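# A closer look at the structure
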Amino acid sequence: MWIGVSGKNADHYSPPTDPYIMKREFFALTILFVLFVAFPASLFGYQAWLSNPSDARVIMLTANAPSNGGWVPDTIRVNLGERVRLRIASPDVVHGFEIPALGIQVDEILPGHVAEVEFIASRVGKFPFACTRWCSVDHWRMRGNIEVVDPNNPYPTPQTFAPPLYQQLKIDIDALHPAQNVPPSRPSAARGASLAGLIVISTDLRTQSPSDVFAKLRVDDSPKSYSDQQLWDVIAFAWKQAAGDESIAKGQQLYARDCAACHGELGKGNGPAGRDLPGLAAMQSDTHSMQDGKRGPADFTNTAQMLGASDVLLQGKIVRGGMGTGMPEWRTLYTDEEMWQVISFIRSFTFDYGLTK
Ligand code: HEC
Ligand SMILES: [Cu+2]
């Protein structure tokens, strides 16, 4: 190693022959080797080992807000049985990641960091994934798919979903649903609880609207001595009971995460992301609120509309989305259970469930 050779003297330099100098040179060489070759190599090796301790297939995924391109790639194809390690980076803002059908979740993908999640592709199918953080106005468009294929059977019969309840029951979810009956004031589940033993509701609460249930109660003989408000209170209590506190609490979380940005924290349809959605101006529905003279997403505090809708009808709208507006579809992202949970929470905008918000 001819260190210190420079300039015009370089040509005249002859290697040292003195053994002492040669020993020193060897020592210097060793240090240089360690400094510039072995140490960095070990670092890289260690890094690589850190990021891939198993024999997982590493897939890089970039989380961009939809206006910056969304997920890249937005379709990931892996083989059945493969161990997959997703390394997810975010160049812009904080995102989240979830593959609901596989129960895989990364709560936070911070800008400039790489979040990792590992799983085994143990089921064949097409599994939607989505961002779980409200990263931008069109956050809910931030979706992609993981396709798990069996190399031995690359063309399986396509997945079939049972038709949603609203289709099975042939409910027209695009029809207006004004309530035939509205309560004098906001029904209270707490007040209704004290009357619940006296007034029995025997109808199916999922397929009937609250307004229909009221109509049936009103023509019954037994509750004749009770006021309209009292019947409504009992209905509010019945709905809360049927859902259960746990379901309502879970629905509240889902709503805050996925719906509030459009429908508003208090359900008034005035969330910041709900403004100027395409198609709203052409809507004939009365469920949406007006904000600054513009139509917004459905107003869940609008008693005259909400009490005319059965849970199944609301489910249909959430399942399918659309309505010619910016309402996203949730069928591929929500389990049935989550669907009912979010609906049970939406009811708290018309029924007083005594929740703390
Ligand atoms: C991107 C904005 C946006 C998001 C996010 C969104 N919605 Fe909507 N939603 C709308 C719009 C727009 C409508 C149609 C307004 C109308 O029918 O007047 C709508 C309508 C609805 C309706 C129909 C109400 C009715 O009585 O006709 C339901 C139910 C509903 N949304 C539930 C949800 C739930 C639950 C979530 C979250 C899981 C959600 N929405 C997320 C925009 C949104
Ligand atoms: Cu997002």
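Further up the page is the structure itself.
Structural notes, computed from the coordinates. (Residues numbered from 1 in each chain as written. Chains lettered and ligands numbered in written order. Predicted model: local features only at pLDDT ≥ 70, side-chain atom pairs only at ≥ 80, totals over all residues. Heavy atoms only, no water.)

Inspection of the secondary structure puts H139 in the loop between strand 8 (125-130) and strand 9 (143-149). Overall, H139 belongs to the buried group, its relative accessible area being 3%. When near neighbours in sequence (up to four residues on either side) are disregarded, H139 contacts P66, C131, T132, R133 and W134. (Helix = DSSP H or I, 4+ residues; strand = E, 2+ residues; numbered from the N terminus. Buried < 20%, exposed > 50% of the residue type's maximum accessible area, 1.4 Å probe, protein only. Contact = heavy atoms within 4.5 Å.)

This part covers unusual backbone geometry. The residue after V72, namely P73, is reached through a cis peptide bond having omega -5 degrees. Tracing the sequence through the fold places P73 in the loop between strand 2 (71-72) and strand 3 (75-79). Notably, K170 is not glycine yet its phi reads approximately 55 degrees, a positive angle. Tracing the chain through its elements places K170 in the loop between helix 2 (165-168) and helix 3 (189-195). The exposure class assigned to K170 is exposed, which follows from its relative accessible area of 74%.

With that out of the way, let us pick up the packing of helix 9 (residues 311-320) against helix 10 (residues 336-346). Their axes nearest at 10 Å, the elements helix 9 and helix 10 cross at an angle of 120 degrees. With respect to helix 10, the element helix 9 is oriented oblique. Crossing angle aside, the handedness with which helix 9 passes helix 10 is right-handed. Contacts from D311, V312, L314, Q315, I318 and V319 in helix 9 reach D336, M339, W340, V342, I343 and I346 in helix 10. Of the residues assigned to the contact of helix 9 with helix 10, the class counts are nine nonpolar, one polar and two charged. (Axes fitted to C-alpha atoms, helices over the stretch in contact; angles between N-to-C directions. Parallel < 35°, antiparallel > 145°, perpendicular 65-115°, else oblique. Left-handed = near helix turned anticlockwise from the far one by under 90°. Nonpolar A, V, L, I, M, F, W, Y, C, P; charged D, E, K, R; others polar.)

A separate point is the coordination of the copper ion (ligand 2). Coordination of the copper ion (ligand 2) by the protein involves C131 (SG), R133 (O), C135 (SG) and H139 (ND1), with metal-donor separations of 2.1 to 2.4 Å. In this structure, the copper ion (ligand 2) is surrounded by four donor atoms whose angles at the metal cover 68 to 132 degrees, and the resulting shape is irregular. Positions of the donor residues of the copper ion (ligand 2) along the chain correspond to the pattern C-x1-R-x1-C-x3-H. (Donors = N, O, S within 2.8 Å, 3.2 Å for Na, K, Ca; no water. Tetrahedral: all angles 85-135°; square planar, octahedral: opposite > 155°, others 65-115°.)

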